[in-house]
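Structural overview
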Amino acid sequence: MAVIENFLSPLTALIDKIIPDPKARDAAKLELLKLQSAQDLKAIRAQLSAVLAEARSEDPWTSRARPGFLYVMYTIILWSIPMGLIAAREPHMAQAIATAMQAYLAGIPDPLWALFGTGYLGYTVARQFGKAAAAVK
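Residues numbered from 1 in each chain as written. Predicted model: local features only at pLDDT ≥ 70, side-chain atom pairs only at ≥ 80, totals over all residues. Heavy atoms only, no water.

1. Remarks on the overall build of the protein
Summing up its helical and strand segments, the protein has 6 helices and 0 strands in all. Element order for the protein, N to C, with α for helix and β for strand: α-α-α-α-α-α. By the burial criterion, 11% of the 137 residues in the protein qualify as buried. Excluding contacts between residues fewer than 6 apart, the proportion of contacts in the protein whose partners are at least 24 apart in sequence is 47%. (Helix = DSSP H or I, 4+ residues; strand = E, 2+ residues; numbered from the N terminus. Buried < 20%, exposed > 50% of the residue type's maximum accessible area, 1.4 Å probe, protein only. Contact = heavy atoms within 4.5 Å.)

2. Topic: the packing of aromatic side chains
Each aromatic ring pair is specified by the distance between its two centres and by the angle formed by the two planes. Under the criterion given, the structure shown has 2 aromatic pairs. Relative to Tyr74, the ring of Tyr71 lies with its centre 6.5 Å away and its plane at 55°, an arrangement referred to as tilted. Taken as a pair, Tyr71 and Tyr74 lie in helix α3 (residues 60–78) at a separation of 3 residues, close to a single helical turn. With relative accessibility at 47%, the residue Tyr74 sits in the partly exposed group. Plain terms: the ring middles of Phe116 and Tyr120 are 6.0 Å apart, the flat faces sit at 25° to each other, and that makes the pair stacked. Placement of the pair is Phe116 and Tyr120 together in helix α6 (residues 110–136), with a separation of 4 residues, close to one helical turn. Judged by its relative accessible area of 44%, Phe116 is partly exposed. (Phe/Tyr/Trp six-rings, centres within 6.5 Å; stacked < 30°, edge-to-face > 60°.)

3. Some points on a nonpolar patch on the surface
On the surface, a cluster of nonpolar side chains totalling about 660 Å² of accessible area is made up of Leu70, Tyr71, Tyr74, Leu78, Ile81 and Leu85. Of all the secondary structure elements, the ones that give two or more residues to the nonpolar patch are α3 and α4 (80–89). Per-element accounting of the nonpolar patch gives the leading share, 4 residues, to α3. Within the fold, Leu85 resides in helix α4. (Patch = residues over 30% accessible without salt bridge, like charges linked within 9 Å, V, L, I, M, F, W, Y side chains within 5 Å. Areas by Shrake-Rupley, 256 points an atom, 1.4 Å probe, with all protein chains shown as cover. Salt bridge = Lys/Arg side-chain N within 4 Å of Asp/Glu carboxyl O.)

4. Examining the packing of α4 against helix α5 (residues 91–107)
Following both chains from N to C, one finds α4 and α5 inclined at 135°, their axes separated by 5 Å at the closest point. Relative to α5, the element α4 is oriented oblique. Residue-level contacts link Met83, Ile86, Ala87 and Arg89 of α4 to Pro91, Met93, Ala94, Ile97 and Ala98 of α5. A class-by-class count of the residues in the contact of α4 with α5 yields 8 nonpolar, no polar and 1 charged. (Axes fitted to C-alpha atoms, helices over the stretch in contact; angles between N-to-C directions. Parallel < 35°, antiparallel > 145°, perpendicular 65-115°, else oblique. Nonpolar A, V, L, I, M, F, W, Y, C, P; charged D, E, K, R; others polar.)

5. What to know about the confidence of the model for the protein
Per-residue confidence for the protein gives a mean pLDDT of 77; residues scoring 70 or more make up 76%. Mean pLDDT values over the elements of the protein span from 62, in helix α1 (residues 2–18), up to 91, in α5. (pLDDT = per-residue confidence, 0-100.)

If you want it as structure tokens, here you go:
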């Protein structure tokens with residue numbers, strides 16, 4: 001898809017120089033745009049098929065890894081609502097909860113954070129590589 005996009009402008013300029021007849025020139029440009037659209041459609045189909053295959057997978061690690069991570073993030077973000085209510089009613093309790101959460105997260109060893117980051121990055125790179133390989137086919 002990107003290869004055709006990179007060559008589209010130079011090709012249309014070349015068509016303008018080579019084909020003197022305006023109707024034939026427009027027809028050639030139209031065919032070039034159809035080719036680009038077909039390539040775009042193939043790439044979209046490949047991406048969609050990868051997403052659908054991942055969602056239909058029987059393996060819960062494959063089908064729920066990304067949604068599971070997002071649910072954890074949503075929970076953390078939504079936790080701010082009851083924390084705000086607690087802080088409005090009992091500021092000392094909210095401060096104690098926040099301090100305890102901070103201490104808990106700070107207690108997780110750095111190598112474990114590095115392992116999580118590396119694993120998630122590796123998962124993301126592997127997914128992108130798989131999508132790219134599927135798009136090439």
